[in-house]
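Residue strings, one per chain:
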Amino acid sequence: MRLRDKVMVVTGGASGIGQAAARRCAQEGARVAILDIDDTAGVETEKALRDQGGEGFFLRTDVTKACAASASGSSEPPAMVSVAGNVGIGTTLSVTDAG
């Protein structure tokens, strides 16, 4: 278990990529703080982590607002996985070999 004794804070952790990250971190032994605005999915994800033998808890959090959260209670900052609101807006460019 590579993440034993670590705390992972996963924003957007109640669904999608965030939920997958939260589950994987828990499988690797981390204590996982699931931050999300979706109460129902957050509670379900917390239960899923515990059902698989992991340790996690849900905190309703809107990362678009200023907030502070300490998941570990220790002086060492927790690791962070941030996937909430990651969207691409703009134009993509094509790169080709000029060779």
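Analysis parameters
Residues numbered from 1 in each chain as written. Predicted model: local features only at pLDDT ≥ 70, side-chain atom pairs only at ≥ 80, totals over all residues. Heavy atoms only, no water. Helix = DSSP H or I, 4+ residues; strand = E, 2+ residues; numbered from the N terminus. Buried < 20%, exposed > 50% of the residue type's maximum accessible area, 1.4 Å probe, protein only. Contact = heavy atoms within 4.5 Å. Core = buried A, V, L, I, M, F, W, Y, C linked by side-chain atoms within 4.5 Å. Salt bridge = Lys/Arg side-chain N within 4 Å of Asp/Glu carboxyl O.

1. Quick notes on the side chain of threonine 45
- Secondary-structure assignment places threonine 45 in helix H2 (residues 39-51).
- Taking relative accessible area as the criterion, threonine 45 reaches 0% and is therefore assigned buried.
- Not counting chain neighbours up to four residues away, the residues in contact with threonine 45 comprise Gly13, Ala14, Gln19 and Ile34.

2. Digging into the nonpolar core
- Met8, Val10, Ala21, Ala22, Cys25, Ala26, Ala30, Val32, Ile34, Leu49 and Phe58 form the largest nonpolar core, which has 11 residues in total.
- For this core, the secondary-structure elements that each account for two or more residues are strand E1 (7-11), helix H1 (16-27) and strand E2 (31-36).
- In terms of residue count, the dominant contributor to this core is H1 (4 residues).
- With near-sequence residues (within four places) excluded, leucine 49 lies in contact with Ala22, Arg23, Ala26, Val32, Ile34, Gly54 and Gly56.

3. Points about the environment of threonine 11
- Here threonine 11 lies in strand E1.
- Given a relative accessible area of 3%, threonine 11 falls into the buried group.

4. Section: the pattern of salt bridges
- Under the definition given, this model contains 5 salt bridges.
- Glutamate 46 is the partner of arginine 50 in a salt bridge, and the nearest nitrogen-oxygen pair spans 3.3 Å. Here the residue arginine 50 and the residue glutamate 46 both occupy positions in helix H2, the gap between them amounting to 4 residues, near one helical turn.
- Looking at arginine 50, the relative accessible area reads 47%, which means it is partly exposed.
- For the salt bridge of lysine 47 with aspartate 51, the shortest nitrogen-to-oxygen distance reads 2.7 Å. On the criterion of helical spacing, the pair formed by lysine 47 and aspartate 51 is a turn pair, its members being 4 residues apart in helix H2.
- On the basis of relative accessible area, aspartate 51 is assigned to the exposed category, the value being 57%.

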